[in-house]
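One letter stands for each residue in the lines below.
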Amino acid sequence: MKKPGLLVIIAGPSGVGKGTVRKEVMHDRTLNLVFSISLTTRPKRVGEKNGVDYHFVSRKDFLAAIKNHDLLEYNQYVGHYYGTSKSQIEKVRRQGKNVMLEIDVNGAKNVKKAFPASEVLSFFIVPPSLKELAKRIKGRSTENASTIKKRLAKARVELKLKNRFDYVVINDKVDRAAKEIRQIIKATIKQRG
Ligand code: 5GP
């Protein structure tokens, strides 16, 4: 039987550029990574695609997924639900492929709890500074002032938890941060054999 794929978690505060770094990391096909498309009740942002960035679902459907035990983990984040599909992860791992999860600190904690340590590799992305982070969150014109404030407050709380992760990576430049992450993933895959 094939060894189940590695679970790679990328977490970090809102606005830190997790998505951009994650996409850059995944450009390297040799890593054999499949993105875990989460379910969310948050409205779609401009440029996002259903079934690619997220499965955008109604609150009713999300609550049904919880009830049916379809989610590996889920959390509420600034007023919306987000969760990881259990069946998607199982399918990908059964094929021996590695899974990339872009989730929040709480989700990362729950995934870590559910699997042996050797099957999970976690990264926490930090901004070069809090000032820079605030600039990036405010620069995202899709969010209103109240949401921006809540996301910034949440970011401050999340940053304090960075030491729970295997690696803390500074997103000073996307290329550099992605390269650092790719190297660590490669080394871990090699070590697992
Ligand atoms: P955003 O609205 O900016 O796309 O995501 C808000 C937060 O929810 C981010 O920290 C993102 O990583 C996290 N998130 C996305 N999908 C999931 C998920 O399936 N589970 C958990 N726990 N967090 C998620």
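Predicted, not measured: the structure shown is a model, and the values here were computed from it.

Quick notes on the rules
- Residues numbered from 1 in each chain as written.
- Predicted model: local features only at pLDDT ≥ 70, side-chain atom pairs only at ≥ 80, totals over all residues.
- Heavy atoms only, no water.
- Salt bridge = Lys/Arg side-chain N within 4 Å of Asp/Glu carboxyl O.
- Helix = DSSP H or I, 4+ residues; strand = E, 2+ residues; numbered from the N terminus.
- Buried < 20%, exposed > 50% of the residue type's maximum accessible area, 1.4 Å probe, protein only.
- Expected span 1.5 Å × (residues − 1).
- Contact = heavy atoms within 4.5 Å.
- Core = buried A, V, L, I, M, F, W, Y, C linked by side-chain atoms within 4.5 Å.
- Pairing = 2+ DSSP bridges.
- Axes fitted to C-alpha atoms, helices over the stretch in contact; angles between N-to-C directions.
- Parallel < 35°, antiparallel > 145°, perpendicular 65-115°, else oblique.
- Left-handed = near helix turned anticlockwise from the far one by under 90°.
- Nonpolar A, V, L, I, M, F, W, Y, C, P; charged D, E, K, R; others polar.
- Phe/Tyr/Trp six-rings, centres within 6.5 Å; stacked < 30°, edge-to-face > 60°.

**Student:** Can you lay out the pattern of salt bridges for me, pointing to particular residues and giving the numbers?
**Tutor:** Inspection of every chain in the model, using the stated rule, returns nine salt bridges. The residue Lys186 makes a salt bridge to Asp28 at a minimum N-O spacing of 2.9 Å. With Lys186 in helix 7 (residues 174-192) and Asp28 in the loop between helix 1 (18-26) and strand 2 (33-35), this residue pair connects regions lying 158 residues apart in the sequence. Residue classification places Lys186 among the partly exposed residues on the basis of a relative accessible area of 41%. Here Asp28 falls in the buried class, since its relative accessible area comes to 15%.

**Student:** Talk me through helix 7; I want residue IDs and the actual numbers.
**Tutor:** With 19 residues, helix 7 ought to run about 27 Å at 1.5 Å a step, and its terminal C-alpha atoms sit 27 Å apart, in line with that. Within helix 7 the residues assigned to the buried category are Ala177, Ala178, Ile181, Arg182, Ile184, Ile185, Thr188 and Arg192. Contacts from the buried residues of helix 7 go to strand 1 (7-11), helix 1, strand 2, strand 8 (120-126) and strand 9 (167-170).

**Student:** Would you mind going over the nonpolar core in detail, with residue names and values included?
**Tutor:** Within the largest apolar cluster, 44 residues are counted, with the highest numbers of intra-cluster contacts made by Val25, Phe123, Ile181 and Ile185. Of the residues forming this core, the biggest block, six residues, is contributed by strand 8. The residues contacting Ile181, other than those within four sequence positions of it, are Ile10, Val21, Val25, Phe123, Ile125 and Val169. Judged by nonpolar contacts, the second largest core, of five residues, contains Leu39, Ala65, Leu71 and Tyr81.

**Student:** Before we move on, can you summarise the sheet that holds strand 1 with the specific residues and values?
**Tutor:** Taken in spatial order, the five strands make up an open sheet running 2-7-1-8-9, and their pairing is parallel. Both outer strands of the open sheet, strand 2 and strand 9, are each paired with one neighbouring strand and no more. For this sheet, the mean inter-axis angle between neighbouring strands, taken without regard to orientation, is 25 degrees. Each of strand 1, strand 2 and strand 7 (98-102) touches helix 3 (residues 86-94); the most contacted strand, strand 7, lies at about 150 degrees to it.

**Student:** Account for the packing of helix 1 against helix 7, naming residues and giving values.
**Tutor:** How two helices sit against one another is set out by the angle between their axes and by the gap between those axes. The contact between helix 1 and helix 7 brings their axes to 9 Å, and the two run at 55 degrees. One element, helix 1, and the other, helix 7, form an angle in the oblique class. Pair helix 1 / helix 7 crosses with right-handed handedness. Where helix 1 abuts helix 7, its residues Thr20, Val21, Glu24 and Val25 lie against Val174, Asp175, Ala177, Ala178, Ile181, Arg182 and Ile185. Broken down by class, the residue content of the contact of helix 1 with helix 7 amounts to seven nonpolar, one polar and three charged.

**Student:** Explain the packing of helix 5 (residues 130-139) against helix 6 (residues 145-159) residue by residue, including any values.
**Tutor:** Put simply, helix 5 and helix 6 touch, their axes get as near as 10 Å, and they point 145 degrees apart. Judged by the sense of rotation from one axis to the other, the crossing of helix 5 with helix 6 is right-handed. Where helix 5 abuts helix 6, its residues Leu130, Leu133, Ala134, Ile137 and Lys138 lie against Ile148, Arg151, Leu152, Ala155, Arg156 and Leu159. Residue composition of the contact of helix 5 with helix 6, grouped by class: eight nonpolar, no polar and three charged.

**Student:** Can you break down unusual backbone geometry residue by residue, with the values?
**Tutor:** Of note, the phi angle at Asn32 is positive, near 60 degrees, even though the residue is not glycine. With respect to the secondary-structure elements, Asn32 resides in the loop between helix 1 and strand 2. A positive phi angle, near 40 degrees, is found at Val78, a position not held by glycine. Among the secondary structure elements, Val78 is positioned in the loop between strand 5 (71-77) and strand 6 (80-85).

**Student:** How would you summarise the packing of aromatic side chains if you had to cite specific residues and measurements?
**Tutor:** Applying the stated rule across the entire model yields eight aromatic pairs. With 5.1 Å between their ring centres and 45 degrees between their planes, Phe124 and Phe165 make a pair best called tilted. With Phe124 in strand 8 and Phe165 in the loop between helix 6 and strand 9, the pair connects residues that are 41 residues apart, well separated along the chain. Given the relative accessible area of 8%, Phe165 is considered buried. A connected cluster of aromatic rings, assembled from ring pairs, spans Tyr54, Phe56, Tyr77 and Tyr82.

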